[in-house]
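Structure at a glance
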Amino acid sequence: EDKVVQSPLSLVVHEGDTVTLNCSYEVTNFRSLLWYKQEKKAPTFLFMLTSSGIEKKSGRLSSILDKKELSSILNITATQTGDSAIYLCAVPPGNNRKLIWGLGTSLAVNP
Amino acid sequence: SQTIHQWPATLVQPVGSPLSLECTVEGTSNPNLYWYRQAAGRGLQLLFYSVGIGQISSEVPQNLSASRPQDRQFILSSKKLLLSDSGFYLCAWSANLNTEAFFGQGTRLTVV
């Protein structure tokens, strides 16, 4: 059965800390892995990682795909209170089926 | 550019009443459309998806139904709401079934 597991489920840090969020997957015909950030309402798309693009970076956020370990990490450096959110990971298995979602990591950044 | 509109933002309905949530997408043709439910701010549960007009796939048996009367319109309905239907409902679209999805702002439904 295809599945996506995120860890930790919840994390509280202080401003300025660096955090690493994990996403591991078991899916058939892996093609890509997606990261989203969800604040109060709609999840917003952050990164898509594929076999041909295993590392992405945007400002203080970066993500790496490890196909050997079947996992990805999302790194946030110098965290700010505005980084507080739920971070979701999703993987589309092959054969044109819908996204498989992890349960998310709830990150709280305290001032 | 593509945009997705979902309304209403918040809804309080009595048990047994009907439901209709609407979602429309602009700026793209033949999108894949999705309805998700998110309980307690975690875990997106896919309820329905549609690859074209009139084509609806249901992921979980429940008290809800979906319809796609037009290419860029997706409606979530119920004839009689249950307390357990309370939650945060998200509409989303994607170009393909296995690419990134983009979400509407969500509807927080409380059934009382």
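Data block above holds the structure.
The following paragraphs examine the structure supplied in this document.

Calculation rules
- Residues numbered from 1 in each chain as written.
- Chains lettered and ligands numbered in written order.
- Predicted model: local features only at pLDDT ≥ 70, side-chain atom pairs only at ≥ 80, totals over all residues.
- Heavy atoms only, no water.
- Pairing = 2+ DSSP bridges.
- Helix = DSSP H or I, 4+ residues; strand = E, 2+ residues; numbered from the N terminus.
- Axes fitted to C-alpha atoms, helices over the stretch in contact; angles between N-to-C directions.
- Contact = heavy atoms within 4.5 Å.
- Buried area = accessible area lost by both parts, 1.4 Å probe.
- Polar contact = N/O pair within 3.5 Å; in protein donor to acceptor, adjacent residues only side chain to side chain.
- Nonpolar A, V, L, I, M, F, W, Y, C, P; charged D, E, K, R; others polar.
- Buried < 20%, exposed > 50% of the residue type's maximum accessible area, 1.4 Å probe, protein only.

Our focus in this paragraph is the sheet that holds strand β7 (residues 61-66) of chain A. All names here are of chain A. If you walk across this open sheet you meet the five strands as β1-β3-β8-β7-β6, and the pairing is antiparallel. Here the strands that pair on one side only, and so sit at the sheet edges, are β1 (3-7) and β6 (55-58). Sheet twist, expressed as the mean angle between neighbouring strand axes with direction ignored, is 15 degrees. Where strand β3 (residues 19-26) meets strand β8 (residues 71-76), six bridges bridge the pair, whose relative direction is antiparallel. Its bridge partner lying in β8, Ser24 is registered against Ser71.

Each side of the interface is counted separately: chain A has 26 residues, and chain B has 21 residues. Taken over both partners, the interface formed by chain A and chain B buries close to 1,800 Å², and the fraction arising from carbon and sulfur atoms is 57%. Of all residues in chain A, the largest losses of buried area upon contact with chain B belong to Lys41, Lys98 and Trp101 of chain A, amounting jointly to 29% of the total for that side. Our count for the chain A to chain B interface comes out at four residue pairs in polar contact (both at pLDDT 80 or more). Mapped by element, the contributors of at least two residues to the side of chain A that touches chain B are β4 (32-38), β5 (43-50), β9 (85-91) and β11 (105-110) of chain A. By residue number, the principal contributor to the side of chain A that touches chain B is β4 of chain A, which donates four residues. The residue makeup of the side of chain A that touches chain B, split by class, is 14 nonpolar, seven polar and five charged.

With that settled, the discussion passes to the environment of Lys98 of chain A. Tracing the backbone through its elements, the reader meets Lys98 of chain A in the loop between β9 and β10 (100-101). You can call Lys98 of chain A partly exposed: its relative accessible area is 21%. Setting aside anything within four residues of it in sequence, one finds Lys98 of chain A in contact with Pro93 of chain A together with Leu46, Tyr49, Glu59 and Leu97 of chain B.

Residue and element names in this part refer to chain A. Positionally, Thr79 belongs in the loop between β8 and β9. Overall, the relative accessible area of 3% leaves Thr79 in the buried class. Only 2.9 Å separates the side chain of Thr79 from the backbone oxygen of Asp17, close enough to count as a polar contact. Beyond its immediate sequence surroundings of up to four residues, Thr79 is in contact with Val13, His14, Glu15, Gly16, Asp17, Val19, Arg60 and Val109.

Moving on: the sheet that holds strand β7 (residues 65-70) of chain B. Strand-to-strand pairing in sheets goes through backbone hydrogen bonds, with the strands running parallel or antiparallel. Residue and element names in this part refer to chain B. The four strands lie next to each other as β1-β3-β8-β7, forming an open sheet whose pairing is antiparallel. The two strands at the open ends of the sheet, each matched to only one other strand, are β1 (3-7) and β7. Sheet twist, expressed as the mean angle between neighbouring strand axes with direction ignored, is 20 degrees. Two strands pair when backbone bridges link them, and strand β3 (residues 19-26) and strand β8 (residues 73-78) are joined in this way by six bridges, in the antiparallel orientation. What sits directly across from Glu22, in β8, is Ile75.

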